Amino acid sequence: MSERLLLALDSGSQSSRALLFDDAGNILASSQHQHAPMKYPMPGAVEQDPLDIREALYASVRECLGRWGGDVGRIGGAALTTQRNTMLPVAADGTPLADAVSWLDRRTASVDSEPTAWLRWLLKLMGEKALIPRLVAKSVPRQWRERCPDILASTWKIASIEGWLNHQLTGRVAVGPGGVVGTWPLAVKHLAWSDSNLLYTLLGFRREWLPDIVPSAQKIGEITATAEAQTGLPQGLPLFACGGDKQAEALGGGLLSSRRGEAAVSLGTGSSICVPWPMARESRNYQWIAMGAAEPGAFCLEYLLFRGMWTARWFANELARDLVQSAAQTGKPAEALLCEEASRVPAGCDGLMVWPRWSPTLQQPRETGAAVGLRETHTRAHFFRALLEGIAYDLRRGRHILEHATTMKIERLMVAGGGARSRTIVQILCDVFGLPVVRPASEELSARGAAMVAAIGCGVYADAPEAVRAMAAPAETFSPQTDNAARYETIYRTIYLPGLKTCHRISSSLRGARDK
């Protein structure tokens, strides 16, 4: 077996990282650089500077290699995983024509911007509440056509941040199958671009704008001389396709499509539960999303809580500003201090419930979050724990949706993401699900998954099962606390699920009152 090293590049919503692994999964060196704050140029808009993201990634690579100090010729291959569905228009020379539109962006295109008369009439006939018009409205090219048509006139490619960074490194605009998430004209079952002309028309894409789709663990290209000068990576180093960060995270946590009964929970900015699966199973109403996995030839079925642990950050920023100074003194983030407070609150929060639906979904476009049961005895700690419990309840609902989609009973969870650093949060998740939860010792699971992909790509390992056996990190298992699990079971069945339907009705009424 080769002893070549593997470089994992991981660019998320908040920061970019570079990690150097050996073929046993040991981290030899790493570096992380934060991105500049996101931009909010108008209500609902969330954008990021792609040049800043690139510099954060390149700086991480340079620093990682410098900390290691070894011969870069020993690196056998690299793979890049990134945040998903963050898109930008690119000129023919690779220059971004605008800031990248974040996956958190909530803007839409109006039906009136559709130039084809019969299609505009049909979309209006369906009504703005129908699923197809709402999907069409989310298309970023349609939004650019309405807001800034001059950008599209100069566009060579429309790329995800993954596709653009791959271009900057190799000269080829390409993505892994798991990087195509959102309103793209994708034939999911074939992990290839659709042949349907109608789909391109609906979404406002031209075929020539699309990046190449490269199967996971196959070579996108090689590091160029320009990228070598900017990163310190050797020219000619192969870069392999990987895809989105949550799929890489699942692989890095050891989940495989050949194993049954396991699911990955990601407690990141957007929180999700997903199962690797050998085939694509699509949801007609988008209750879950089918997408390519980081594991070559496999798929992931994912249920997403759009703003999951983002709500914990929101809570800290808005309702725990007094903890900022304490956080600076202790070196702990404010969320960690809030978790310490929440750990002293009993399960069920003395009757306080939160439905953490801070952003509307395709199924419920008028949905809002809700808190019920507030009394004078409740404290900030009660509210924060209720928020964490609400996230866990929502992900449990996702578990049942995925079990129905796959006819597979989920019996164990692997947890990852920023929220997994907290023992309090992981134990709440464990108790709400009533299942054992495995937490790998390594926090950098997306990067570990990318390193596994690179190892497969350059022939260190023959396939994903072999890479997982060799490179997966040791893990700690959490078990449900019997009394808490029983209490959560009752709350979930008798309060959370029926209350969610009530929240939908109230949210719709609130939106109607606001719009009058």
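Structure report, in brief. (Residues numbered from 1 in each chain as written. Predicted model: local features only at pLDDT ≥ 70, side-chain atom pairs only at ≥ 80, totals over all residues. Heavy atoms only, no water.)

## So, the overall build of the chain
Part 1 of the argument: Counting its regular elements, the chain contains 17 helices and 23 strands.
Part 2 of the argument: Its C-alpha atoms give the chain principal-axis dimensions of about 65 × 60 × 50 Å.
Part 3 of the argument: Here the chain, with 516 residues, has 57% of them falling under the buried criterion.
Part 4 of the argument: Long-range pairs, those at least 24 residues apart, make up 69% of the contacts in the chain with a sequence separation of at least 6.
Part 5 of the argument: Surface accessibility of the chain: about 21,000 Å² in total, with carbon and sulfur atoms responsible for 52%.
Part 6 of the argument: Seen as two clouds, the 56 positive and the 51 negative side-chain charges of the chain have centres 7 Å apart. (Helix = DSSP H or I, 4+ residues; strand = E, 2+ residues; numbered from the N terminus. Buried < 20%, exposed > 50% of the residue type's maximum accessible area, 1.4 Å probe, protein only. Contact = heavy atoms within 4.5 Å. Areas by Shrake-Rupley, 256 points an atom, 1.4 Å probe, with all protein chains shown as cover. Lys, Arg positive; Asp, Glu negative; His and termini not counted. Charge placed at Lys NZ, Arg CZ, Asp CG, Glu CD.)

## Re the state of the cysteines
Part 1 of the argument: For the coordinates displayed, the defined rule picks out zero disulfides.
Part 2 of the argument: Looking at the unpaired cysteine 64, the closest cysteine sulfur is the one in cysteine 458, lying at 16 Å.
Part 3 of the argument: Among the residues examined, cysteine 64 registers a relative accessible area of 0% and is labelled buried.
Part 4 of the argument: Of all cysteine sulfurs in the structure, the one in cysteine 349 sits closest to cysteine 339, which takes part in no disulfide; the separation is 12 Å. (Disulfide = S-S within 2.5 Å.)

## A short note on the environment of serine 271
Part 1 of the argument: When you line up the elements, serine 271 lands in strand E16 (residues 271–277).
Part 2 of the argument: For the pair formed by serine 271 and glycine 308, sequence separation is 37 residues and the distance between their alpha carbons is 4.5 Å.
Part 3 of the argument: Leave out the neighbours within four places in its chain, and serine 271 touches Ser266, Tyr303, Leu304, Leu305, Gly308, Met309 and Leu395.

## Structural notes on the pattern of salt bridges
Part 1 of the argument: In this structure the tally under the stated criterion is 28 salt bridges.
Part 2 of the argument: Notably, a salt bridge pairs arginine 412 with glutamate 262, separated by 2.5 Å at the nearest N-O pair. With a gap of 150 residues between them, arginine 412 in strand E21 (residues 412–416) and glutamate 262 in strand E15 (residues 262–267) connect regions that are remote in the sequence.
Part 3 of the argument: Between arginine 357 and aspartate 394 there is a salt bridge; the shortest N-O distance is 2.2 Å. (Salt bridge = Lys/Arg side-chain N within 4 Å of Asp/Glu carboxyl O.)

## With respect to the sheet that holds strand E5 (residues 75–82)
Part 1 of the argument: The strand order across the open sheet built from six strands is E3-E2-E1-E5-E14-E13, with neighbouring strands paired in mixed fashion. In this open sheet, the two strands that pair with only one neighbour each are strand E3 (27–34) and strand E13 (219–222). If you compare each strand with its neighbour and ignore which way they point, the axes differ by 20° on average.
Part 2 of the argument: Seen against the sheet, helix H1 (residues 50–68) touches strand E1 (5–11), strand E2 (15–21), E3 and E5 and runs at an angle of roughly 150° to E3.
Part 3 of the argument: Of the strands in this sheet, E1, E5, E13 and strand E14 (238–244) touch helix H6 (residues 161–170), which is tilted by about 150° from E5. (Pairing = 2+ DSSP bridges. Axes fitted to C-alpha atoms, helices over the stretch in contact; angles between N-to-C directions.)

## Here's the deal with the nonpolar core
Proteins that are soluble and globular tend to have nonpolar side chains buried together.
Part 1 of the argument: Among the nonpolar cores identified, the biggest contains 86 residues, and Leu413 and Leu429 are the most heavily contacted of them.
Part 2 of the argument: With twelve residues, helix H13 (residues 380–406) is the largest single contributor of residues to this core.
Part 3 of the argument: Counting residues in hydrophobic clusters, the runner-up holds 30 residues, among them Leu65, Leu165, Val173 and Ala227. (Core = buried A, V, L, I, M, F, W, Y, C linked by side-chain atoms within 4.5 Å.)

## Points about the packing of helix H12 (residues 334–342) against H13
Part 1 of the argument: Contact pair H12 / H13: the axes reach a minimum separation of 8 Å and the direction vectors enclose 100°. It follows that H12 is roughly perpendicular to H13 by the angle criterion. The segment H12 lies against H13, with Glu335, Leu338, Cys339, Glu341 and Ala342 engaging Arg380, Ala381, Phe384, Arg385 and Leu388. (Parallel < 35°, antiparallel > 145°, perpendicular 65-115°, else oblique.)

## Observations concerning the packing of H13 against helix H14 (residues 423–433)
Part 1 of the argument: The contact between H13 and H14 brings their axes to 9 Å, and the two run at 45°. Here H13 is positioned oblique relative to H14, judged by the angle of their axes. Judged by the sense of rotation from one axis to the other, the crossing of H13 with H14 is right-handed. Residues Arg385, Leu388, Glu389, Ala392, Tyr393, Leu395, Arg396 and Arg399 of H13 form the contact with H14, whose own contacting residues are Thr424, Ile425, Ile428, Leu429, Val432 and Phe433.
Part 2 of the argument: Considered class by class, the residues forming the contact of H13 with H14 number nine nonpolar, one polar and four charged. (Left-handed = near helix turned anticlockwise from the far one by under 90°. Nonpolar A, V, L, I, M, F, W, Y, C, P; charged D, E, K, R; others polar.)

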